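Commentary on secondary and tertiary structure
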Amino acid sequence: MAFVFLFSLIFILTGASVINAGYGPPSPGFYPSTKFRSLTFNRCFKTLWGPSHQSINNNALDIWLDSSSGSGFKSTRPFRSGYFGASIKLQPGYTAGVITAFYLSNNEAHPGFHDEVDIEFLGTTFGKPYTLQTNVYIRGSGDGTIIGREMKFHLWFDPTQNFHHYAILWSPRDIIFFVDDVPIRRYPRKSAITFPLRPMWLYGSIWDASSWATEDGKYKADYRYQPFVGRFTNFRAGGCSAYSSPRCRPVTASPGRSGGLSKRQYMTMKWVQRNHMVYHYCMDNKRDHSLTPECWN
């Protein structure tokens, strides 16, 4: 009888999680994207590579990958903190091996010893969802021997059907990742050696990562389905550029003066992680966690 009760309780708890996962997250109560101005692509960004694989129309940018090239863009100025967002729509169908990315980096300023904060969409095969990967690299952990800090999610919507807003808020105290103003991950600063502090530029790109992107490289990019297109619009940003006065105050993620997530935002983030997170590097027993001390501090 006790076993039946225990089984019923487990079913209720896990069943509720599965049922709730079919709906969107609870409201975070605060919408940071509305607090920052829109950016004009031609004024605030420049083509980094693949100029023939870009198209701009009314501040909407398409970039694409085919067998000859991918494409990328970069902000015209570096930042030392801020909010960085864009509305993105992904290509449906077979996109295995293809990465569509929106990220901060200083790899050109510090080659071989750079910092990076990533939002990456990992391409997929027919009938399977995209994986949204968030990642943080610090002082060369993305160079040579890779030490990633990945958290991965399957979203509560189909990112190929409509534009959705994805953002990174980087302050001296933490990094917060947002999807449609819903916080999905907070990476706090626990020490200077585990947190990016040097100025970074904002980037976007689409490229072939067949060696690892889809199920650890099991499925490769198939150029019978080219071109693979990533669509970007509604660029929004605000914060302290590398050239700002030292008095420039970092932007915040919430209505409170503390700058951290509100209780309501935190609860919404935990809902997303409970129902939609599919990988957390700190929970991977195959990893050497002496290389990621923030997991235990």
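Here is a short report on the structure shown in this document. Residue numbering note: each chain is counted from 1, following its sequence as written. Confidence filtering applies because this is a predicted model: local features only for residues at pLDDT of at least 70, side-chain atom pairs given and counted only at 80 or more, and all residues used for totals across whole chains, interfaces and linings. In computing side-chain properties, one takes all heavy atoms of the structure into account and sets aside hydrogens as well as water.

1. Brief notes about the state of the cysteines
So the rule is basically this: In this description, the term disulfide denotes a pair of cysteine sulfurs within 2.5 Å. Only protein chains enter the calculation, and the probe is 1.4 Å; a residue is then buried if its accessible area is under 20% of its type maximum, exposed if over 50%, and partly exposed in between.
The full count for this structure, using the stated rule, is two disulfides. The residue that forms a disulfide with C240 is C248, at a sulfur-sulfur distance of 2.1 Å. Between C240 and C248, the S-S dihedral sits near -95°, and the bridge is therefore left-handed. For C240, a relative accessible area of 1% corresponds to the buried category. Cysteine pairing for the chain, with bonded cysteines counted in sequence order: 1-2, 3-4.

2. Topic: the pairing of strand β12 (residues 182-188)
Operational definition: Helix numbering and strand numbering both begin at the N terminus, where a helix is a DSSP run of H or I of at least 4 residues and a strand a DSSP run of E of at least 2. The rule for pairing is simple: two strands pair if DSSP sees at least two bridges between them.
Burial analysis of β12 places five of its seven residues in the buried class, which makes it a mostly covered element. Bridging between strand β11 (residues 174-179) and β12 involves six bridges; their strand directions are antiparallel. The partner of F177 across the bridge, within β12, is R185. Here β11 folds back onto β12, and the loop between the two strands holds two residues, one of which, D180, carries a positive phi near 50°.

3. Quick notes on the pattern of salt bridges
Here is the rule we go by: Should a side-chain nitrogen of Lys or Arg be within 4 Å of a carboxyl oxygen of Asp or Glu, the pair is scored as a salt bridge.
Applying the stated criterion across every chain yields a total of eight salt bridges. Here K128 ties to E215 by a salt bridge, and the two come within 2.8 Å at their closest N and O atoms. Taken together, the positions of K128 in the loop between β7 (116-122) and β8 (131-137) and E215 in the loop between β13 (201-208) and β14 (228-241) put the pair 87 residues apart, joining distant regions of the chain. Overall, the relative accessible area of 39% leaves K128 in the partly exposed class. A salt bridge links R149 to E294, with the nearest nitrogen and oxygen atoms 2.6 Å apart. Here E294 lies in the segment after β15 (277-280) and R149 lies in the loop between β8 and β9 (151-153), a separation of 145 residues in the sequence. Take R149 and E294: they sit in the same class, and that class is buried.

4. Some thoughts on the nonpolar core
As a reminder of what qualifies: In these notes, a set of buried Ala, Val, Leu, Ile, Met, Phe, Trp, Tyr and Cys residues joined through side-chain atoms within 4.5 Å is what counts as a nonpolar core. In what follows, a contact means two residues having at least one pair of non-hydrogen atoms within 4.5 Å.
Formed by 51 residues in total, the largest nonpolar core has its most connected members in I175, F232 and F235. Excluding residues that lie within four positions of it along the chain, F232 makes contacts with N59, A60, L61, I63, F73, A86, S87, I88, T100, A101, F102 and F163. By size, the runner-up hydrophobic cluster in this structure holds ten residues, among which are A167, L169, V251 and A253.

5. Remarks on the side chain of T268
The criterion, for reference: Each polar contact in these results corresponds to two N or O atoms within 3.5 Å; when the atoms are within protein, one needs to be able to donate a hydrogen and the other to accept it, and residues that are neighboring in sequence are counted only if both atoms are side-chain atoms.
Locating T268 in the fold gives a position in helix α3 (residues 263-276). Taking relative accessible area as the criterion, T268 reaches 1% and is therefore assigned buried. There is a polar contact of 3.4 Å between the side chain of T268 and the backbone oxygen of P26. Among all residues touching T268, those that are not within four sequence positions of it are P25, P26, S27, P28, V182 and P183.

6. Digging into the packing of aromatic side chains
Each aromatic ring pair is specified by the distance between its two centres and by the angle formed by the two planes. Rule in force here: Only rings of Phe, Tyr and Trp enter the pairing, Trp through its six-membered ring, and a pair is recorded when the two centres are within 6.5 Å. The plane angle decides the type: under 30 degrees is stacked, over 60 is edge-to-face, the rest tilted. Consider the ring centre and the ring normal. A charge sits over the ring if Lys NZ or Arg CZ is within 6 Å of that centre and within 35 degrees of that normal.
Applying the stated rule across the entire model yields 20 aromatic pairs. Note on F41 and F45: the rings are 5.3 Å apart at their centroids and 15° apart in plane angle, and the pair reads as stacked. Overall, the relative accessible area of 5% leaves F45 in the buried class. Between F73 and F232, the ring centres sit 5.4 Å apart and the planes meet at 85°, which makes this aromatic pair edge-to-face. Here F232 lies in strand β14 and F73 lies in strand β4 (residues 71-75), a separation of 159 residues in the sequence. For F73, a relative accessible area of 0% corresponds to the buried category. We classify F232 as buried; its relative accessible area is 1%. Linked through ring pairs, F41, F45, F73, F102, F232 and F235 together constitute an aromatic cluster. For K74, the ring lying beneath its charged end belongs to W201, and the centroid distance is 4.8 Å.

7. Points about the pairing of β4
The element β4 is largely enclosed, with a buried count of five among its five residues. Burial along β4 is two-sided: the face carrying S71, F73 and S75 and the face carrying G72 and K74 are both buried. Strand direction decides the pairing type here: β4 and β13, joined by four bridges, are antiparallel. If you follow F73 over to β13, its bridge partner there is G204.

8. Some remarks on the environment of W49
Looking at the secondary structure, you find W49 in strand β1 (residues 45-49). Overall, the relative accessible area of 32% leaves W49 in the partly exposed class. Counting along the chain gives 156 residues from W49 to S205, while the straight-line C-alpha distance between them is 8.9 Å. Beyond its immediate chain neighbours, meaning those up to four positions away, W49 contacts Q54, S69, G70, S71, G72, S205, I206 and W207.

9. A closer look at the layout of surface pockets
Condition: Space inside and on the surface of the protein is sampled on a 1 Å grid over the protein atoms alone, with a cavity defined as a set of points where a 1.4 Å probe fits but cannot get out and a pocket as an open set with protein on both sides within 12 Å along at least 5 of 7 lines; lining residues have an atom within 4 Å of a point. Grid points are joined across faces, edges and corners, and a volume is the space filled by probe spheres set on the points. Under this grouping Gly is polar, as are all residues other than the nonpolar Ala, Val, Leu, Ile, Met, Phe, Trp, Tyr, Cys and Pro and the charged Asp, Glu, Lys and Arg.
Taken as a whole, the largest pocket holds about 940 Å³ of empty space. Lining the largest pocket are 39 residues, with L122, Q133, K152, W212 and A213 positioned closest to its centre. If you list the elements that add at least two residues to the lining of the largest pocket, you get β1, β6 (98-105), β7, β8, β13 and β15. Taken as a whole, the second largest pocket holds about 360 Å³ of empty space. What lines the second largest pocket is a set of 17 residues, and nearest its centre among them are M151, R186, P188, K270 and H280. Counting only elements with at least two residues in the lining of the second largest pocket, the list comes to β12, α3 and β15. Of the residues belonging to the lining of the second largest pocket, the class tally is ten nonpolar, two polar and five charged.

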